[in-house]
Amino acid sequence: MARILTGIQATGVPHLGNILGAIEPAINLANDPKNESLLFIANLHTLTSIKEPEVIRENTYAVAAAWLALGLNTERTIFYRQSDIPEVTEMTWYLNCFTPFPMLANAHSFKDKSDRLSDVNAGLFDYPVLMACDILMYDADIVPVGKDQKQHLEMTRDIAGSINHNLNKEVLKQPEASFDENVMIVPGIDGEKMSKSYGNTINLFQTDKKLRKNVMKIVTDTTPLEEPKNPDACNVFKIYKLVASDEEVATMRKNYEAGGYGYGHAKQELFEKLRDNYSEARERFQHLMDNKHEIDQELEKGAERAREIGRPVLNRLRKELGY
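Whenever I open this one, the packing of helix α4 (residues 87–96) against helix α7 (residues 122–136) confuses me. Can you help?
For any two helices packed against each other, the geometry comes down to the angle between their axes and how far apart the axes lie. At a minimum axis distance of 9 Å, the contact between α4 and α7 shows a crossing angle of 115°. Viewed along their axes, α4 and α7 form a crossing whose handedness is right-handed. Across the interface between the two elements, Val88, Met91, Thr92, Leu95 and Asn96 from α4 touch Asp126, Val129, Leu130, Ala132, Cys133, Asp134 and Leu136 from α7. In terms of residue class, the contact of α4 with α7 is made up of eight nonpolar, two polar and two charged.

In structure tokens, the structure reads:
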């Protein structure tokens, strides 16, 4: 059985791109009985950029509620909040003492802001070491990452290797990265990759009225209603085919090509498909956000299970370092 660990940022309500491209595939992976899965909300990392306590708290709840609402099985997956594991900050200090300055100076998270050093705090500079601890503390075998996170896994392995070399024994397990070459790219309402930083997202967990208004903002061309249209060049169709059945997609394609079918019709169909496909998840999400104690119970239960794995690793490292 492989131990798979995944961290998710506490950036607020996940959008449709997050759900289709990351959350649903991760839930399917976690449900595979061949895997032992740990999934955590990286809310300590959030403090490097967000200083408002209520924003951090609400973002964390929103992320947790979305994963739970979409069907994460917390009996099969250890689901926890990073800040509920105080051991992670202690172990980060030990890792810091084996992490060379140039490694952190070359990290993307720092280099991207190195021309504006007034915006860089020590937490941001040290960000990769906390991330490494998140992995090494649980003896993870596999960490699914995107290509943009490859550097982070290499740094994690290097830090573990440095400690193991210094102590002349394998104290920390060096994890392997898992790259999915088929990660789904979900277009936003402007046709670019859906991203909060682009302001082009679709939030499934809004009210029906707001969700419909969101969908109606999808950018289309000016082809008149009565004329045939190219579905493959339309942002509405590109999103629709990610959530609809093959038969439904074929029907919409015929409507586009036949003419007499406007973009407003397509947007209405997309809205209804999103509303209906995720009706239970949307209700569950709202229930959880109205009853946050239920989220706390799930996360606290997961934290205890995570600490049962992490404490022995920390104690093993402490002993080998002389503490």
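Following the structure, the description resumes.
So what exactly am I meant to see when it comes to the packing of aromatic side chains here?
Any aromatic ring pair is given by two values, namely how distant the centres are and how the planes are angled relative to each other. Applying the stated criterion across every chain yields a total of nine aromatic pairs. Seen from their ring centres, Phe205 and Phe285 are 4.2 Å apart, and the 20° between their planes marks the pair as stacked. Of this pair, Phe205 sits in the loop between β5 (176–179) and α9 (208–216) while Phe285 sits in helix α13 (residues 279–290), placing them 80 residues apart in sequence. The same class applies to Phe205 and to Phe285, which are both buried. Centre to centre, the rings of Tyr256 and Tyr261 are 5.7 Å apart; their planes meet at 50°, and the pair counts as tilted. Since its relative accessible area comes to 0%, Tyr256 is described here as buried. With relative accessibility at 8%, the residue Tyr261 sits in the buried group. One aromatic cluster is present, formed by Phe237, Tyr256, Tyr261 and Tyr263 through successive ring pairs. The aromatic ring of Tyr263 is capped on one face by Lys229, whose charged end is 5.6 Å from the ring centroid. Here Lys292 stacks its cationic end above the ring of Tyr61, 5.7 Å away from the centre of that ring.

Got a minute to help me understand unusual backbone geometry in this structure?
Of all residues except glycine, most have a negative phi; of all peptide bonds, most are trans. Phi at Asp139 takes a positive value of approximately 50°, unusual for a residue other than glycine. Considering the arrangement of structural elements, one finds Asp139 in the loop between α7 and β4 (142–145). Located in the positive-phi region is Asn168, a residue other than glycine, with phi close to 60°. The topology assignment puts Asn168 in the loop between α8 (150–167) and β5.

Explain the environment of Ala42 here, please?
In this fold, Ala42 is placed in strand β2 (residues 35–42). Those residues within four positions of Ala42 in sequence are excluded, and the remaining contacts are Ile8, Gln9, Ala10 and Gln82.

Help me understand the nonpolar core, please; the structure alone is not making it clear to me.
Across soluble globular proteins, nonpolar side chains have a tendency to be buried as a group. Counting residues in hydrophobic clusters, the biggest one holds 53 residues, and the most contacted among them are Trp67, Phe79, Ile202, Tyr256, Leu270 and Leu274. The biggest single contributor to this core is helix α3 (residues 53–69), with nine residues. Dropping the residues within four chain positions of it, Trp67 is found in contact with Ile8, Ala22, Ile23, Ala26, Ile27, Leu39, Leu72 and Phe79. By size, the runner-up hydrophobic cluster in this structure holds 46 residues, among which are Ala42, Val88, Phe125 and Val171.

What is the right way to look at the pairing of strand β1 (residues 2–9) in this model?
Two faces, one strand: in a regular strand the side chains alternate between the faces of the sheet. Relative to β2, β1 runs parallel, the two sharing eight bridges. Its bridge partner being in β2, Ala2 is matched across the sheet by Asn35. Regarding topology, helix α1 (residues 16–30) serves as the crossover connection from β1 to the parallel β2, and that connection is right-handed.

Sorry, what's going on with the environment of Asn31 here?
For Asn31, the location among the structural elements is in the loop between α1 and β2. The exposure class assigned to Asn31 is partly exposed, which follows from its relative accessible area of 33%. Once the C-alpha coordinates of Asn31 and Arg76 are considered, the two residues, 45 residues apart in sequence, prove to be 6.7 Å apart. When near neighbours in sequence (up to four residues on either side) are disregarded, Asn31 contacts Asn73 and Arg76.

Sorry, what's going on with the side chain of Ser195 here?
Tracing the backbone through its elements, the reader meets Ser195 in the loop between β5 and α9. Side chain to side chain, Ser195 and Ser197 meet in a polar contact 2.7 Å long. Apart from residues lying up to four places away in sequence, Ser195 is in contact with His15, Asn200 and Thr201.

Is there a simple way to explain the packing of helix α10 (residues 235–243) against helix α11 (residues 246–258) in this structure?
Across the interface, α10 lies against α11 with an axial gap of 9 Å and an inter-helix angle of 165°. Judged by the angle between their axes, α10 and α11 are roughly antiparallel. At the point where α10 passes α11, the crossing takes the right-handed sense. For the pair α10 and α11, the contacting residues are Val236, Phe237, Tyr240 and Lys241 in the first and Glu248, Val249, Met252, Arg253 and Tyr256 in the second. By residue class, the composition of the contact of α10 with α11 is six nonpolar, no polar and three charged.

Reading the values: the criteria
Residues numbered from 1 in each chain as written. Predicted model: local features only at pLDDT ≥ 70, side-chain atom pairs only at ≥ 80, totals over all residues. Heavy atoms only, no water. Axes fitted to C-alpha atoms, helices over the stretch in contact; angles between N-to-C directions. Helix = DSSP H or I, 4+ residues; strand = E, 2+ residues; numbered from the N terminus. Left-handed = near helix turned anticlockwise from the far one by under 90°. Contact = heavy atoms within 4.5 Å. Nonpolar A, V, L, I, M, F, W, Y, C, P; charged D, E, K, R; others polar. Phe/Tyr/Trp six-rings, centres within 6.5 Å; stacked < 30°, edge-to-face > 60°. Buried < 20%, exposed > 50% of the residue type's maximum accessible area, 1.4 Å probe, protein only. Lys NZ or Arg CZ within 6 Å of the ring centre and 35° of its normal. Core = buried A, V, L, I, M, F, W, Y, C linked by side-chain atoms within 4.5 Å. Pairing = 2+ DSSP bridges. Right-handed = clockwise from strand over helix to strand, strands pointing away. Polar contact = N/O pair within 3.5 Å; in protein donor to acceptor, adjacent residues only side chain to side chain. Parallel < 35°, antiparallel > 145°, perpendicular 65-115°, else oblique.

Structural measurements only, silent on function.
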